[in-house]
Amino acid sequence: MSTQFALGTYRITDLDPVHIAAIKRAVESGITLIDTSTNYMDGGAERAIALAMHGMNEEKCAAVEIVSKFGYVQGSTMKRLKEEETFNNVVKYAEHVWHCIDPDFMRDQLTHSLSRLNRDSLECYLLHNPEYFLLDAINRGVSKEDRLDEMLQRILDVFIALEEEVAKGRIKSYGISSNSFAKPMSDPEFLPYDDLITLAENAAKRAGSEIHHLTTLQLPINLLEREGLKCAAWAKANGLRVLANRPLNAQKGDAMYRLADYDEPTDYYHHLNALLELCEAEPLKPVYNLLSELDANKHRFRWIGDYEQFYYAQVIPHLRNSLTPLDDEAKQVLADSLELFFQEYAKMVAYECSKVTRSALSEELEGCEKPLQTCALEFLQQSDIDYILIGMRQPKYVNEVLSL
């Protein structure tokens, strides 16, 4: 099978009509796999898939495989565990990062996923980053041998339960999505994959099945992070398929880069100057100063994710405080202008980040004369993988990717 593009839904929500339209466009355009997870937007991604496919052509929808994942304890799930429910083997890695692959938790999450997706079964269900146990064990000083033995036992236990779910008809196959598959074998966070087939075979026997139903590995592979190609080669040699995630969000050292070129937005300074003029009055000086500072620092973000984190953590609270004294009419006028400005500002940051990326990665990108995203995706298309997972939250992004 040649490499295909698939729709990733990490930041897709059922509350955004544009996201719904993007999923529809992907299905109509022949996308045959959609990747999601129980924790994506607290279940919103799964609900969005159900909404998008409701009423669509049955033949088109039947051709689409839905892959979902479980493991993270976040949002409403974390609230349930804190207030009423308990599961065994919950890893409390950090205050807001809990994780669990216990069989009972898997069954619970599968039930919720099927309900949100409005389906009786899933084509494939993945353990989502089970290496959180390894990370926690490392922090607790557990020896490498002991933590790996416990990790493999946990995987075997849930593989048995997944084989039982195959027998029940609630899933057709299963697998693992892990960032640690893409680590060097010498890395303490590396998750060994050599034993997975044996674990699946043993799980199938324990569940009363003649054959195992482990089919899929998912991991980061991109222009900068190529270590995962070793895992991909092993998987293909053992009859498993490979899903590559983060094709355009790449890590080098401690830095993240967006492997994409962006054009400079033409309307940015128009919206900036209009807002600055609107905010010259003394009550709006805090907003004026914020806008001026943002403009002066638009080139200082390394990648768009840094800006997005800064926007929600710093900019939004500052604006809320600054707008509090205004009357409702003034708030609305300013809010409309701010929305237009920040749409352009995000484009400007992306443009500035793409220049930083080209400069910082000049050696790795030597010979890339095409748009960076094209070079990045063509690299993966030539690699030994089955699906490239790309987040396409707007119909135009679907069109752009499929044009490749």
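The rules behind each value
Residues numbered from 1 in each chain as written. Predicted model: local features only at pLDDT ≥ 70, side-chain atom pairs only at ≥ 80, totals over all residues. Heavy atoms only, no water. Pairing = 2+ DSSP bridges. Helix = DSSP H or I, 4+ residues; strand = E, 2+ residues; numbered from the N terminus. Axes fitted to C-alpha atoms, helices over the stretch in contact; angles between N-to-C directions. Contact = heavy atoms within 4.5 Å. Core = buried A, V, L, I, M, F, W, Y, C linked by side-chain atoms within 4.5 Å. Buried < 20%, exposed > 50% of the residue type's maximum accessible area, 1.4 Å probe, protein only. Disulfide = S-S within 2.5 Å. Salt bridge = Lys/Arg side-chain N within 4 Å of Asp/Glu carboxyl O. Phe/Tyr/Trp six-rings, centres within 6.5 Å; stacked < 30°, edge-to-face > 60°. Right-handed = clockwise from strand over helix to strand, strands pointing away. Parallel < 35°, antiparallel > 145°, perpendicular 65-115°, else oblique. Left-handed = near helix turned anticlockwise from the far one by under 90°.

Novice: I tried to follow the sheet that holds strand β5 (residues 91-94) on my own but got confused; where do I start?
Specialist: Either a parallel or an antiparallel arrangement is found when strands of a sheet pair, and the pairing is made through backbone hydrogen bonds. Spatially, 3 strands are ordered β4-β6-β5 in an open sheet, and the strand pairing comes out antiparallel. Of all the strands in the sheet, the pair left with one neighbour each is β4 (72-73) and β5. Where β5 meets strand β6 (residues 97-99), 3 bridges bridge the pair, whose relative direction is antiparallel. Paired with Val91 across the bridge in β6 is His99.

Novice: Would you take a moment to explain the sheet that holds strand β3 (residues 65-70) for this structure?
Specialist: The strand order around the closed barrel formed by 8 strands is β1-β2-β3-β7-β8-β9-β10-β13, and the pairing between neighbours is parallel. The average undirected angle you get between the axes of adjacent strands in this sheet is 30°. Where strand β1 (residues 4-8) and strand β2 (residues 33-35) come together, 2 bridges link them in parallel fashion. If you follow Leu7 over to β2, its bridge partner there is Ile34. Sitting on the sheet, helix α8 (residues 196-207) touches β8 (174-177) and β9 (214-220), and the angle it makes with β9 is about 145°.

Novice: What's the story with the nonpolar core in this structure? I'm lost.
Specialist: Most often, soluble globular proteins have nonpolar side chains that are buried together. Among the nonpolar cores identified, the biggest contains 88 residues, and Ile23, Leu127, Phe159, Leu162, Phe181, Leu196 and Leu217 are the most heavily contacted of them. The leading source of residues in this core is helix α7 (residues 144-168), at 11 residues. If we ignore the near neighbours within four places in the chain, the residues touching Leu127 are Phe70, Ile101, Ile155, Val158, Phe159, Leu162, Gly175, Ile176 and Ser177. Among the nonpolar cores identified, the runner-up in size contains 31 residues, and Leu272, Ile304, Val315 and Leu338 belong to it.

Novice: Where do I start with the state of the cysteines in this structure?
Specialist: Here is the idea: a disulfide is a covalent bond, and it sits between the sulfur atoms of two cysteines. Considering all chains together, one arrives at 1 disulfide under this definition. In this model Cys368 forms its disulfide with Cys375; the gap between the sulfur atoms is 2.1 Å. Its S-S torsion of approximately 100° makes the covalent link between Cys368 and Cys375 right-handed.

Novice: I would appreciate a short explanation of the pattern of salt bridges in the present structure.
Specialist: Any two side chains of opposite charge can pair, so long as their charged atoms come close to each other. One pass over the full model with this rule turns up 24 salt bridges. Its salt-bridge partner being Arg107, residue Glu164 comes within 3.9 Å of it at the nearest N-O pair. Of this pair, Glu164 sits in helix α7 while Arg107 sits in helix α5 (residues 103-117); the two residues are 57 residues apart in sequence, bridging distant segments of the chain. Take Glu164: its relative accessible area is 33%, and that puts it in the partly exposed class. Classification of Arg107 by relative accessible area gives partly exposed; the value is 25%. Here Lys298 and Asp295 are joined by a salt bridge, their closest N and O atoms 3.2 Å apart. What emerges from the salt-bridge pattern is a single network uniting Arg80, Glu85 and Asp108.

Novice: Would you explain the packing of aromatic side chains in this entry?
Specialist: Any pair of aromatic rings gets described here by the distance separating the centres and the angle formed by the planes. Across all of its chains, the model carries 21 aromatic pairs by this definition. Centroid distance Phe87 to Phe105: 5.3 Å. Interplanar angle 80°. Geometry classified as edge-to-face. Highlighted residues: Phe87 in the loop between α4 (75-83) and β5 and Phe105 in helix α5, separated in sequence by 18 residues. Grouping residues by exposure puts Phe87 and Phe105 together as buried. Measuring from ring centre to ring centre gives 5.1 Å for Phe341 and Phe342, while their planes differ by 70°; the resulting arrangement is edge-to-face. In this pair, the class of Phe341 matches that of Phe342, namely buried. A connected cluster of aromatic rings, assembled from ring pairs, spans Tyr268, Tyr269, Phe301, Tyr307, Phe310, Tyr311, Tyr312, Phe341, Phe342 and Tyr345.

Novice: Can you help me understand the pairing of β1 in this one?
Specialist: Side-chain positions along a regular strand alternate between the two faces of the sheet. Counting buried residues along β1, 4 of its 5 residues qualify, which places the element largely inside the surrounding structure. Sheet analysis places β1 next to strand β13 (residues 387-391), joined by 5 bridges and oriented parallel. Note on β13: the bridge partner recorded for Leu7 is Ile390. Once the chain exits β1 it traverses helix α1 (residues 17-28) before rejoining the sheet at β2, and the crossover so formed is right-handed.

Novice: How should I be thinking about the packing of helix α11 (residues 285-296) against helix α13 (residues 328-360) in this particular structure?
Specialist: Packed helices, taken two at a time, are described by their axes: the angle between them and the distance between them. Close contact between α11 and α13 brings their axes to 12 Å; oriented N to C, the two are set at 15°. By the angle between their axes, α11 is roughly parallel relative to α13. For the crossing formed where α11 meets α13, the hand is left-handed. Here Val287, Leu291, Leu294 and Asp295 of α11 lie close against α13, whose contacting residues are Leu338, Phe341, Phe342 and Tyr345.

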